[in-house]
Amino acid sequence: MKPLTTRTEDGSTLQELGKASIQIVHDLKNQLNGLKLYATFLRRRIEKSERPDDEQQTITKLIAGLDRAANDLSTIVQYGREVDLKKQPGVDIQKAVRSICSRLNEPSSPVVCESDAEALVGILDPTKLTDALNWISTVALKYRKNDYQNGSITVSVKRDQQNENGATIEWSGLEQIDHDPFHSFAGSDEIRMSLAAKIVEAHGGSALYEDCSFRVTLPLSQEA
């Protein structure tokens with residue numbers, strides 16, 4: 001195998017490898033969808049033939065596993081592609097976060113949303129940003145401390161104290177995590193968190209995990 005000798009060759013090879021990897025993952029997803037189709041057909045046959053419940057449960061779990069794998073592969077493909085932002089002026093960050101918290105808030109897993117009185121508005125892609133913040137919030141619920149405010153998590157949206165032209169979103173009350181979920185592919189949640197971080201970074205912001213909290217910063221419009 002010929003060794004790489006220049007930065008240009010190295011970068012070109014990595015770029016080609018990345019493109020090939022995306023295509024391979026895309027093809028694997030199509031194969032999984034085909035397996036799911038056959039598994040669904042098999043489940044219908046089992047249901048009609050009145051097979052034992054455990055056989056029906058097994059095929060149902062198989063289909064669910066295929067779904068999860070296909071979804072993970074779709075996310076990896078998205079991660080491997082450049083983020084195409086469709087920015088709009090006047091996107092209200094507080095409104096987006098409050099809407100997500102409202103959807104996720106349940107008696108068994110309460111979500112407390114805290115925000116500044118002032119408007120926090122940016123020139124952002126509302127669809128992709130909402131997806132990213134929703135993924136982060138959903139994962140935050142899974143890592144919440146049971147002994148923190150009756151098992152709740154707190155999501156605060158405030159002007160960045162170190163940058164008056166930035167906003168900070170923080171998810172508090174989480175368990176200690178032994179890795180950075182924003183930069184990991186250790187599981188389904190981490191894959192989505194990594195994509196969420198990439199979307200945030202494409203907006204000129206940052207996403208990190210520290211001190212048992214998820215923290216996202218986003219730029220604000222100068223007039224906000």
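Residues numbered from 1 in each chain as written. Predicted model: local features only at pLDDT ≥ 70, side-chain atom pairs only at ≥ 80, totals over all residues. Heavy atoms only, no water.

Peer 1: Just checking my understanding: could you explain the sheet that holds strand E6 (residues 206-210) for this structure?
Peer 2: Whenever strands of a sheet pair, they do so through backbone hydrogen bonds, lying parallel or antiparallel. In spatial order, the strands read E2-E4-E5-E7-E6; together these five strands make up an open sheet with mixed pairing. Of all strands in the sheet, those bounded by a partner on one side alone are strand E2 (111-115) and E6. With strand direction ignored, the average angle separating the axes of adjacent strands in the sheet is 15°. (Pairing = 2+ DSSP bridges. Helix = DSSP H or I, 4+ residues; strand = E, 2+ residues; numbered from the N terminus. Axes fitted to C-alpha atoms, helices over the stretch in contact; angles between N-to-C directions.)

Peer 1: Looking at this model, I keep getting lost on unusual backbone geometry. Mind explaining?
Peer 2: For residues that are not glycine, phi is negative in most cases, and the peptide bond is trans in most cases. For aspartate 211, which is not a glycine, the phi torsion comes out positive at approximately 55°. Within the secondary structure, aspartate 211 is located in the loop between E6 and strand E7 (213-219). Although it is not a glycine, cysteine 212 sits at a positive phi angle of roughly 60°. Following the sequence through the fold, cysteine 212 ends up in the loop between E6 and E7.

Peer 1: So what exactly am I meant to see when it comes to the pattern of salt bridges here?
Peer 2: Opposite charge on two side chains allows them to pair when their charged atoms are near. Counted according to the given criterion, the structure contains five salt bridges. Salt-bridge contacts for arginine 159 lead to glutamate 118; the nearest nitrogen and oxygen are separated by 3.1 Å. Note that arginine 159 is positioned in strand E4 (residues 153-159) and glutamate 118 in the loop between E2 and strand E3 (121-124), a separation of 41 residues in sequence. Notably, a salt bridge pairs aspartate 189 with lysine 142, separated by 3.0 Å at the nearest N-O pair. Here the residue aspartate 189 occupies a position in helix H5 (residues 188-202), and lysine 142 occupies one in helix H4 (residues 126-142), the gap between them amounting to 47 residues. (Salt bridge = Lys/Arg side-chain N within 4 Å of Asp/Glu carboxyl O.)

Peer 1: Just to check I follow, could you spell out the side chain of serine 213 for this structure?
Peer 2: Of note, serine 213 is situated in strand E7. A residue is classified by how much of its surface remains accessible, and serine 213, at 5% relative accessible area, is buried. Those residues in contact with serine 213, other than ones at most four positions away along the chain, are Glu170, Trp171, Ser172, Leu174 and Leu208. (Buried < 20%, exposed > 50% of the residue type's maximum accessible area, 1.4 Å probe, protein only. Contact = heavy atoms within 4.5 Å.)

Peer 1: Looking at this model, I keep getting lost on the packing of aromatic side chains. Mind explaining?
Peer 2: Aromatic ring pairs are defined here through the distance separating the ring centres and the angle between the ring planes. Applying the stated criterion to the full structure yields three aromatic pairs. Note on phenylalanine 182 and phenylalanine 214: the rings are 5.5 Å apart at their centroids and 70° apart in plane angle, and the pair reads as edge-to-face. With phenylalanine 182 in the loop between strand E5 (166-172) and H5 and phenylalanine 214 in strand E7, this pair connects stretches of sequence that are 32 residues apart. Pair check on accessibility: phenylalanine 182 and phenylalanine 214 agree, each one buried. Judged by centre distance (5.8 Å) and plane angle (65°), the rings of tyrosine 209 and phenylalanine 214 are edge-to-face. Counting every residue linked through ring pairs, the aromatic cluster contains Phe182, Tyr209 and Phe214. Stacked on the ring of tyrosine 79, the Lys or Arg lysine 198 has its end atom at 4.9 Å from the ring centre. (Phe/Tyr/Trp six-rings, centres within 6.5 Å; stacked < 30°, edge-to-face > 60°. Lys NZ or Arg CZ within 6 Å of the ring centre and 35° of its normal.)

In short, the description is geometric, and any link to function would need to be established separately.
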